[in-house]
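What follows is each chain in one-letter form.
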Amino acid sequence: MNNEREALKPMAVGGQAVLEGVMMRAPGMVATAVRRANGEIVVKKEPQVSLGDKYPVFKLPILRGAVGLIEMMVIGIRTLNFSAEVAMEESDPARSVAGGDGQKLSGSMKENLRFGATVAFSLAVGVAVFFVTPLAVTTFFFDVEQEPLWFNLIAGGVRIALLLGYLAAISLLKDIHRLFEYHGAEHKAVFAFEKGEPLTVEAAARQSRFHPRCGTSFLLIVMFVAIVLFSVLDVAVMQWLGDLTVAIRIATHLPLIPLVGGVSYEFIRLSARHSESFVGRCVVAPGLWLQRITTREPDGSQLEVALVALRSALGTDATRAALQSRQSAVIGIVGVH
């Protein structure tokens with residue numbers, strides 16, 4: 001097993017906690033494992049070819065991060081829907097959910113439209129809460145509208161406070177507490193793989209639940225990068241348009257969100273690569289602190305689910321050999337939530 005994994009490097013894996021389960025993504029494959037109430041683990045596998053594999057331009061720095069985030073959000077919502085279907089099947093036995101080899105439920109146009117609407121709604125809510133609201137609050141409650149650095153420092157503080165408050169509030173919910181335990185299981189399984197440990201519950205249990213490439217850590221980095229980039233943007237816009245208003249800021253800041261995401265992605269890749277150095281530890285420390293909210297210690301059954309998902313994403317020997325022979329995009333973020 002260890003020799004097989006050594007042959008796969010530098011392949012990286014990432015994932016996400018879902019309802020009573022874990023999604024894992026390896027180059028070319030996405031696998032989601034969900035535990036039913038009767039103890040059975042249902043697995044769905046789907047081939048996944050990233051845009052970077054199809055179009056090399058999307059592998060360029062910054063651009064790869066922006067595109068990768070959108071891909072992970074789409075995959076994340078789809079896997080959450082699958083885990084919800086498994087939960088609904090428990091209350092309604094007439095419902096049937098794909099399992100085993102993971103053949104996808106037949107998708108109708110109505111289902112595709114509903115999924116598209118869910119993605120669009122999620123994007124709109126996220127932008128409204130974490131980007132528009134801080135701009136409005138800073139404009140109406142602080143007299144720093146024409147001071148780019150101070151304005152964006154305060155707006156960034158409001159943005160971080162909203163994130164921390166949101167995470168702290170939802171962590172009190174019983175179902176979310178379970179989700180955060182699966183988040184911890186996902187991190188431990190990924191660490192076991194990255195360290196060349198056998199993919200067993202015992203080996204995974206020894207790993208840390210705090211991972212430097214976690215998606216929640218990434219969110220924190222996004223907020224710090226936004227302060228810098230939006231401050232520079234505001235200076236440039238002031239030179240062009242004069243006084244700034246909340247409407248101008250919304251119109252100029254929102255189109256830059258993909259750039260903020262792309263720069264943040266490169267930053268977290270770099271910091272994770274040097275996470276053992278003093279500077280690297282300082283950079284990743286705030287994200288690791290944040291994971292004290294977004295992860296919990298999992299039990300053995302949750303680790304088992306995460307490991308089933310990971311082994312399924314890695315696939316058979318033939319699949320791993322095929323993945324090794326191709327140039328696969330590295331998944332740089334673990335556990336986007």
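Provided above is the structure to which this section pertains.
A brief report on the enclosed structure follows. (Residues numbered from 1 in each chain as written. Predicted model: local features only at pLDDT ≥ 70, side-chain atom pairs only at ≥ 80, totals over all residues. Heavy atoms only, no water.)

## A closer look at the packing of helix α6 (residues 174-194) against helix α12 (residues 300-314)
The condition is simple: Angles shown run from 0 to 180 degrees and are taken between the N-to-C directions of axes, each axis being a line fitted to C-alpha atoms and, for helices, limited to the stretch in contact. By the criteria applied, helices consist of DSSP H or I runs no shorter than four residues and strands consist of E runs no shorter than two, each listed in order from the N terminus. Here roughly perpendicular refers to angles of 65 to 115 degrees, roughly parallel to angles under 35, roughly antiparallel to angles over 145, and oblique to all remaining angles. Note on convention: near helix rotated counterclockwise from far helix by under a right angle means a left-handed crossing. Clockwise means right-handed. Note on definitions: a residue-residue contact is assigned when non-hydrogen atoms from the two residues lie within 4.5 Å.
Viewed as axis vectors pointing N to C, α6 and α12 meet at an angle of 50 degrees, and their least axial separation amounts to 8 Å. Considering their axes alone, α6 and α12 lie oblique with respect to each other. Two packed elements cross with a definite hand, and for α6 against α12 that hand is right-handed. Residues Arg 178, Glu 181, Tyr 182, Ala 185, Glu 186, Lys 188, Ala 189 and Phe 193 of α6 form the contact with α12, whose own contacting residues are Gln 302, Leu 303, Val 305, Ala 306, Leu 307, Leu 310 and Leu 314.

## What to know about the sheet that holds strand β1 (residues 14-18)
Here is the rule we go by: Only strands that DSSP links by at least two bridges are regarded as paired with each other.
One open sheet accounts for 4 strands, arranged β1-β2-β3-β4; its pairing is antiparallel. Each edge of the open sheet is held by one strand with a lone partner, namely β1 and β4 (41-48). Looking at each pair of strands side by side, their axes are set apart by 15 degrees on average, direction ignored. When strand β2 (residues 21-26) meets strand β3 (residues 28-35), the two strands line up antiparallel, connected through 6 bridges. When the sheet's bridge partners are listed, Gly 21 is paired in β3 with Val 34. Against the sheet, α12 makes contact with β2, β3 and β4, and its axis sits at roughly 155 degrees relative to β3, the strand it touches most.

## A closer look at the side chain of Arg 249
Within the element layout of this structure, Arg 249 appears in helix α9 (residues 246-253). Non-local contacts of Arg 249, meaning those with residues more than four positions away in its chain, are made with Leu 135, Glu 145, Pro 148, Phe 151, Asp 234, Leu 244 and Leu 254.

## Overview of the packing of helix α5 (residues 148-170) against helix α8 (residues 215-241)
We apply this condition: Residue type decides the class: Asp, Glu, Lys and Arg count as charged, Ala, Val, Leu, Ile, Met, Phe, Trp, Tyr, Cys and Pro as nonpolar, and the leftover types, Gly among them, as polar.
For the pair α5 and α8, the least separation of the axes is 9 Å and the interaxial angle reads 155 degrees. Overall, the two elements α5 and α8 adopt an arrangement that is roughly antiparallel. Handedness of the α5/α8 crossing: right-handed. On the side of α5, the interface is formed by Pro 148, Leu 149, Phe 151, Asn 152, Leu 153, Gly 156, Arg 159, Ile 160 and Leu 163, while α8 contributes Leu 219, Leu 220, Met 223, Phe 224, Ala 226, Ile 227, Phe 230, Ser 231, Asp 234, Val 235 and Met 238. Per-class residue counts for the contact of α5 with α8 are 15 nonpolar, 3 polar and 2 charged.

## Structural notes on the side chain of Gln 207
In plain terms, the rule: Any pair of nitrogen or oxygen atoms within 3.5 Å is treated as a polar contact; in protein, a donor-acceptor pairing is required on top of that, and neighbouring residues in sequence qualify only through side-chain atoms on both sides.
Examined against the element boundaries, Gln 207 turns out to sit in the loop between α7 (201-205) and α8. Among the polar contacts made by the side chain of Gln 207, one reaches the side chain of Lys 195 at a distance of 3.1 Å. Those residues in contact with Gln 207, other than ones at most four positions away along the chain, are Lys 188, Phe 191, Ala 192, Lys 195 and Glu 197.

## Some remarks on the environment of Trp 150
Selection criterion: Under the scheme applied here, a residue whose accessible area is under 20% of the maximum for its type counts as buried, over 50% as exposed, and between as partly exposed, the area being computed with a 1.4 Å probe on protein chains only.
Turning to its location among the elements, Trp 150 is positioned in helix α5. For Trp 150, a relative accessible area of 54% puts it in the exposed group. In sequence terms Trp 150 and Thr 138 are 12 residues apart; their C-alpha atoms lie 9.8 Å from each other.

## Let's talk about the environment of Val 260
Checked against the element boundaries, Val 260 lands in helix α10 (residues 257-273). Taking C-alpha positions, Val 260 is 9.5 Å from Val 228, a pair spaced 32 residues apart along the chain. In contact with Val 260, not counting residues within four places along its chain, are Val 222, Val 225, Ala 226, Leu 229 and Phe 230.

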